[in-house]
Amino acid sequence: MTTGSHSRPGRGTVGRRGFLRIGGGVAALAALPSALTACSDSSNGSGKLRIVGVADQQKPIEELVALYRKSHPDDDFSTSFAPTDQVQTVVRTQLAGGNAPDVHVLYPGSGSAMSMVELAKAGLLSDLSDQAWTKEVPANFHPAYRYKGKTYLYSAGSSVIGAIYNKKAFAEAGVEPPKTWSELLDVCAKLKAKGVIPIALGAQTAWVTQLITYALVPNAVYAKNPGFDAEMAAGRAHFRGSGWAGAMGKYQELQRRGFFNDNPNGTTYEQQTSMVASGKAAMAVQVSAVLANFRRATRTPDDLGMFPFPGGDDASNLWIPAGIVVGLGVSARSRKAAGAEAFIEFLGKQENVDRWAQSVAAIPFKRDASTEIDPVLNDFLPIIDDNRAVPFMDQSWPNAEVQPAHFAAVQNLLAGKTDVDGALSQMDKAYGKKS
């Protein structure tokens, strides 16, 4: 996990969003498919190497497993995928109980109960440091991939947060992607006047709550004070009284102006996706890693684009969030550790890093002449290359309490149960807890 340095993807660090605090494990286990809740195949005698991931990992994992088996026909796999909150609860419980999958979803840095640092500290991950690809992870990415000098995470690269938008909805309203906050408010007003929901927000799905905050905080906080995270860690700064208040205020302003769908707290991520794909809503603030899901939901994938969500009024000095995408780890207790680590080593080959990154619209952590980046990221690359991209905020948080506190704070703000000061007070209280 990084501090407050504004490092660029490919050189900096960062994480992934959407992780619920572990709790209610028994109820969650009962609600999930048997493939996800079964004991690890490393201990059930089936002989299969078991992989459990989140839904947006399904496409790259299944494609790469099929490719791997072409050269390893005797190896057999069992793959399962489920929503982020469910997988986190179940897999974390299984890791503690010694019956986890051989290979499982793992989040960069720290800041969630299923993050690399939290699991490495607990001795639940296998060390991957002897694999060749780990030597190619840029130095500034090390906090996302490594703990105490050892590499525990495999991730293909970094994603960005911006606005996924329906080009037809924009064209019919006669608007273009905005480059400043003022332009954004004007675009939203014109879309609303045309009967289109300007911004779809699926805040019932907890991890979605944080994305608008993350999109606004780089301009509100780090553009003015790149050392903010270090000041937080030293106790010299807090969420309250900082640029976070301005970012949260803008979040609230979007709701006050009626630019979200009705009842965001009763709307899911899947419904958010459907609204944008169908043109019922014009855009959604999302991470580029889920762009593939939006494309699958629409009849014409080319109808969808993505642009940097403007948090300030200086188009030439726009800052954005960018971070390492959710990856994989190997269970330290796996009885098929050799096979699991061999599969991870296969994923670390350049062509496979590129395959995974392309499937989730990410920027590979290492590149060569053959690497191709999804054109949807073109508007983000100049900002990244100008060193105006910052890690996802959770990657500098000291424990797994702050992120769920952020989710709850936003939901309470949207429900009118708190104000900005109260929301940030919730987060400050969680920040002060020991890991």
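Computed from a predicted model, the values in this text were never measured in an experiment. (Residues numbered from 1 in each chain as written. Predicted model: local features only at pLDDT ≥ 70, side-chain atom pairs only at ≥ 80, totals over all residues. Heavy atoms only, no water.)

## Things to note about the overall build of the chain
Where we set the bar: Put simply, DSSP H or I for four residues or longer makes a helix, DSSP E for two residues or longer makes a strand, and each gets a number counted from the N terminus. Here's how the labels work: a residue is buried when its accessible area is under 20% of the maximum for its type, exposed when over 50%, partly exposed in between, all with a 1.4 Å probe on protein chains only. We call two residues in contact whenever any of their non-hydrogen atoms come within 4.5 Å of each other. Surface exposure here means Shrake-Rupley accessible area, sampled with a 1.4 Å probe, where a residue is shielded only by the protein chains that are shown.
When you go through the chain residue by residue, the secondary structure sums to 19 helices and 13 strands. When burial is assessed residue by residue, the chain has 60% of its 435 residues classed as buried. The contacts of the chain with a sequence gap of at least 6 include a subset with a gap of at least 24, amounting to 77%. Carbon together with sulfur atoms contributes 47% to the accessible area of the chain, which is approximately 16,200 Å² in total.

## Concerning helix H5 (residues 84-97)
How we decide: One less than the number of residues in a helix, times 1.5 Å, gives the span that helix is expected to have.
For H5, which comprises 14 residues, the first-to-last C-alpha distance of 20 Å matches the rise-based estimate of 20 Å (1.5 Å per residue) to within 8%. Along H5, the residues classified as buried are Thr84, Val87, Gln88, Thr89, Val90, Val91, Arg92, Gln94 and Leu95.

## Re the pairing of strand S10 (residues 320-324)
Each regular strand shows side chains that alternate between the opposite faces of the sheet. Rules: Strands are labelled as partners when DSSP assigns at least two bridges between them.
Counting buried positions over the five residues of S10 gives five, a clear majority of the element. Note: strand S6 (residues 157-166) against S10, three bridges, orientation antiparallel. Across the sheet, residue Ser158 finds its bridge partner in S10, namely Ile324. Pairing of S10 with strand S13 (residues 389-390), which is carried by two bridges, proceeds in the parallel orientation. Residue pairing for S13: Ile320 is matched across the bridge by Ala389.

## Side note on the sheet that holds strand S3 (residues 103-106)
Note the threshold: Geometry is summarised by axes, namely lines fitted to C-alpha atoms with helices restricted to the contacting stretch, and by angles between N-to-C directions that run from 0 to 180 degrees.
If you walk across this open sheet you meet the four strands as S2-S1-S3-S11, and the pairing is mixed. One side of each edge strand has no neighbouring strand; the edge strands of this open sheet are strand S2 (77-82) and strand S11 (327-330). With direction set aside, neighbouring strand axes in the sheet form an average angle of 25°. Pairing of strand S1 (residues 49-54) with S3 involves two bridges; the strand directions are parallel. Within S3, the position partnered with Ile51 by the bridge is Val103. On top of the sheet, helix H4 (residues 58-71) reaches S1, S2 and S11; it is set at about 175° to S2, its chief contact.

## So, the pattern of salt bridges
This is how the line gets drawn: Criterion for a salt bridge: a side-chain nitrogen of Lys or Arg within 4 Å of a carboxyl oxygen of Asp or Glu.
Inspection of every chain in the model, using the stated rule, returns ten salt bridges. The closest approach of N and O atoms between Arg240 and Asp421, which form a salt bridge, is 2.9 Å. On the criterion of sequence distance, the pair formed by Arg240 in the loop between helix H11 (228-233) and helix H12 (243-256) and Asp421 in helix H19 (residues 420-431) is long-range, its members being 181 residues apart. By relative accessible area, which is 41% here, Arg240 ends up partly exposed. Between Asp374 and Arg295 there is a salt bridge, with the nearest N and O atoms lying 2.8 Å from each other. Taken together, the residues span a long stretch of sequence, with Asp374 in the loop between strand S12 (363-364) and helix H17 (381-385) and Arg295 in helix H14 (residues 291-297) at a distance of 79 residues.

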